[in-house]
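# Overview (structure and organization)
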Amino acid sequence: FCISIGMCLGSFASVLIYRLPRSINLLVPGSHCPYCNNTLKAMYLIPIFSYVLLRGKCAFCSSKISRLYPVNEIFITAMVVIITSNAGPYSIHGWLAIILILCLYVQAVIDFKILSLSTYLSGIIGLLGFTLNYLNFFTSIIDSLLGLTLGYSSFWLINYIYKKIKGIDGIGSGDYLLLGAVGGVFGSSSLGIILLSSSIISIGLHYFTKTIHGERIPLGTGIALSSIIFLVLIILNK
């Protein structure tokens, strides 16, 4: 049951990654090939198995299907299995944490691809954090609010100073919205370790994106991935 839900959520992550940056409705049109625009049959929508069945190619035009689709499905499924194995398959906290991971993962991939972050997803992440912390899951609601304030304002201030000196933005507004949301999830005391780990991840990824993004660094990807790691470690130690 949990594996099936995980694969469906992984497939939904692919929809979000493709449609959110393009401002496409999440419900219509139905799933289709981005190259030939043919609507996909139900048998071609089965997570992971359809990719294997089609050998990574569109059934209509034979265009290559991005390997990111099965990666998304496998990763989210693995996260669902890990969380439900530790929190229980009927835990409300566990499923809220899974939705949180889904949102963070989508943010990470989108930022890695196009150096942009979804304001809507950052809002959902912050809201999930408040919901969980209202139930005292990660931290207190007061620390949650403090984390939100410090996370957002720290990046905003750094960017403000940089812009005054250089005349250009040094940090995108999406990054400090995301850090604020993450601070709202884990609280103020978490920001130091998340910033350190996200910087390491982002700088490492920078070497793989130099030819695509130039000198710009996918900081949002680092923040999102380090937050997922932080969340999983908390779940495993509860």
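Here is a short report on the structure shown in this document. None of the values given here were measured: they were computed from a predicted structure. Within any chain, residue numbers begin from 1 and follow the written order of that chain's sequence. Reporting of local features is limited, given that this is a predicted model, to residues whose pLDDT is at least 70; pairs of side-chain atoms are given and counted only at 80 or more, and all residues count toward the totals for whole chains, interfaces and linings. With hydrogens and water excluded, all non-hydrogen atoms of the structure serve as input to the side-chain values.

### Let's talk about the packing of aromatic side chains
The description of two aromatic rings rests on the distance between their centres and on the angle between their planes. Note on aromatic pairs: the rings of Phe, Tyr and Trp (six-membered ring only in Trp) are paired at centre separations within 6.5 Å, and the planes decide the class, stacked below 30 degrees, edge-to-face beyond 60, tilted for the rest. This model, assessed by the stated rule, comprises six aromatic pairs. Between the aromatic rings of phenylalanine 75 and tyrosine 105, the centroid separation amounts to 4.6 Å while the plane-to-plane angle is 20°, which identifies the pairing as stacked. In this pair, phenylalanine 75 is assigned in helix α3 (residues 68–87) and tyrosine 105 in helix α4 (residues 92–114), connecting sequence segments 30 residues apart. Phenylalanine 75 sits in the partly exposed class, given a relative accessible area of 25%. On the accessibility criterion, tyrosine 105 (7% relative accessible area) is buried. Note on phenylalanine 138 and phenylalanine 186: the rings are 5.1 Å apart at their centroids and 65° apart in plane angle, and the pair reads as edge-to-face. Helix and strand labels come from DSSP, where a helix needs a run of H or I of at least four residues and a strand needs a run of E of at least two; each type is numbered from the N terminus. For the exposure calls, accessible area comes from a 1.4 Å probe over protein chains only, and a residue counts as buried if that area is under 20% of its type's maximum, exposed if over 50%, partly exposed in between.

### Examining a nonpolar patch on the surface
Taken together, the side chains of Tyr152, Trp156, Leu157, Tyr160, Ile161, Ile165 and Leu177 define a hydrophobic patch exposed on the protein surface, amounting to about 680 Å² of accessible area. Looking at the nonpolar patch, the element that brings in the most residues is helix α6 (residues 141–166), giving six residues. Relative to the helices and strands, tyrosine 160 resides in helix α6. Relative accessible area serves as the criterion here: at 40%, tyrosine 160 is assigned to the partly exposed category. To count toward a patch, a residue needs a relative accessible area above 30% and no salt bridge. Like charges then connect within 9 Å, nonpolar side chains (Val, Leu, Ile, Met, Phe, Trp, Tyr) within 5 Å. Only the protein chains shown count as cover for residues, and all accessible areas are computed by the Shrake-Rupley method using a 1.4 Å probe. Salt bridges, as used here, are contacts in which a Lys or Arg side-chain nitrogen is within 4 Å of a carboxyl oxygen on Asp or Glu.

### What to know about the state of the cysteines
Criterion for a disulfide: a pair of cysteine sulfur atoms at a distance within 2.5 Å. Taken as a whole, this structure holds zero disulfides when the rule is applied. Note on cysteine 2: no disulfide assigned, nearest cysteine sulfur contributed by cysteine 8 at a separation of 12 Å. Exposure remark for cysteine 2: the relative accessible area of 16% places this residue in the buried category.

### Regarding the packing of helix α5 (residues 119–134) against helix α7 (residues 173–186)
Contact geometry of α5 with α7 gives a least axis separation of 7 Å together with a crossing angle of 15°. The orientation of α5 relative to α7 falls into the category roughly parallel. Here the hand of the crossing between α5 and α7 comes out left-handed. Packed against α5, whose contacting residues are Thr119, Ser122, Ile125, Gly126, Gly129, Phe130 and Asn133, the element α7 presents Leu177, Leu178, Ala181, Gly184 and Val185 at the interface. In this analysis an axis means a line fitted to C-alpha atoms, helices contributing only their contacting stretch, and an angle means the value between N-to-C directions, from 0 to 180 degrees. Any angle that falls under 35 degrees is termed roughly parallel, while one over 145 is termed roughly antiparallel, one within 65 to 115 roughly perpendicular, and all others oblique. By definition, turning the near helix anticlockwise from the far helix through less than a right angle yields a left-handed crossing, and turning it clockwise yields a right-handed one. Contact criterion: two residues are considered in contact whenever any of their non-hydrogen atoms come within 4.5 Å of each other.

### Here we look at unusual backbone geometry
In this structure, serine 23 is a non-glycine residue whose phi angle is positive, near 55°. Along the polypeptide, serine 23 turns up in the loop between α1 (2–19) and α2 (49–53).

### A look at α3
Helical periodicity: at 3.6 residues per turn, an α-helix aligns residues three or four positions apart in one direction. By this rule, a helix spans an expected 1.5 Å times one less than how many residues it contains. Taking 1.5 Å of rise per residue, the 20 residues of α3 would be expected to cover 28 Å, and the 28 Å separating its terminal C-alpha atoms lies within 8% of that figure. Along α3, the residues classified as buried are Pro70, Asn72, Glu73, Ile76, Thr77, Met79, Val80, Ile83 and Thr84. On the buried face of α3, the contacting elements are α1, α2, α4 and α9 (219–236). Where α3 ends, the next residue or the one after it, glycine 88, has phi of about 100°, a positive value.

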